[in-house]
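Listed below, chain by chain, are the residues.
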Amino acid sequence: AYEIVSRDWSSDVCSSDLDAELSDLFHFIVEKSAEFHVSPVLVLSLIEVESGFEPGAVSRRGAVGLMQLLPTTAEEMARDSGMIWYPELLNDPKINIALGLRYMSKLREQFGSWERALTAYNMGPAALHERLATGEPVSSEYFRRVNSQVWRYRRTARFPRPHSRLWAKAWL
């Protein structure tokens, strides 16, 4: 089992059921991150910024779940992966993460850098394309927030010794 211990977490986060659930979800993030060639620390940071790790989070614009995906985007990613789509699936944390990772990977490929990919994740790829085409300034505030969280995790989180090659590979 994997465990993340952070100085900022309150003691009520340590129940054994929750520990098992978090461990399972963390292992899933590590595996899926490797599949899509995305750092699991980046995924955790994006989840923190987007939803604060609240699986039931819904934004004012209708983005849902841990990775705050719009239902139309999630449906597109589900179709791309050959998944039969039902809107309720977006509430499943693992499906939300898998679709979010597919979307992140697609944006990274489309825009060529993580800064632009994360900006597109936040504002939408069409809006970013429009700003780039018109020469309108593009804020990197969202990228800075996510990147700041990446460094916060790397500074404050303590990780146990690797339990598998997958674990070790993910953190190298």
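Above this text you will find the structure in question.
Attention here is on the structure that accompanies the text. None of these values were measured; they are calculated from a predicted model.

1. Concerning the packing of aromatic side chains
If you walk through the whole model with that rule in mind, you get one aromatic pair. Taking the centre distance of 5.4 Å and the plane angle of 45° together, the rings of Y103 and Y121 count as tilted. Of the two residues, Y103 sits in helix 4 (residues 93-111) while Y121 sits in helix 5 (residues 114-123), which places them 18 residues apart along the sequence.

2. What about the nonpolar core?
Within the largest apolar cluster, 42 residues are counted, with the highest numbers of intra-cluster contacts made by M67, I97, M104 and Y121. Every element with two or more residues in this core is listed here: helix 1 (16-36), helix 2 (40-51), helix 3 (71-80), helix 4, helix 5 and helix 7 (141-156). Tallying contributions element by element places helix 4 first for this core, with nine residues. Sequence-distant contacts of M67, that is, excluding residues within four places in its chain, are made with V43, L46, I47, E50, N96, I97, G100, L101, M104 and Y121.

3. Digging into the pattern of salt bridges
With the rule as written, the count across this model stands at six salt bridges. With its nearest N and O atoms 3.9 Å apart, the salt bridge here joins E75 to R79. Of this pair, E75 and R79 both sit in helix 3, four residues apart, roughly one helical turn. Exposure remark for E75: the relative accessible area of 30% places this residue in the partly exposed category. A salt bridge links E76 to K106, with the shortest nitrogen-to-oxygen separation between them at 2.5 Å. Of this pair, E76 sits in helix 3 while K106 sits in helix 4; the two residues are 30 residues apart in sequence, bridging distant segments of the chain. What makes E76 partly exposed here is its relative accessible area of 33%.

Cut-off values and rules
Residues numbered from 1 in each chain as written. Predicted model: local features only at pLDDT ≥ 70, side-chain atom pairs only at ≥ 80, totals over all residues. Heavy atoms only, no water. Phe/Tyr/Trp six-rings, centres within 6.5 Å; stacked < 30°, edge-to-face > 60°. Helix = DSSP H or I, 4+ residues; strand = E, 2+ residues; numbered from the N terminus. Core = buried A, V, L, I, M, F, W, Y, C linked by side-chain atoms within 4.5 Å. Buried < 20%, exposed > 50% of the residue type's maximum accessible area, 1.4 Å probe, protein only. Contact = heavy atoms within 4.5 Å. Salt bridge = Lys/Arg side-chain N within 4 Å of Asp/Glu carboxyl O.

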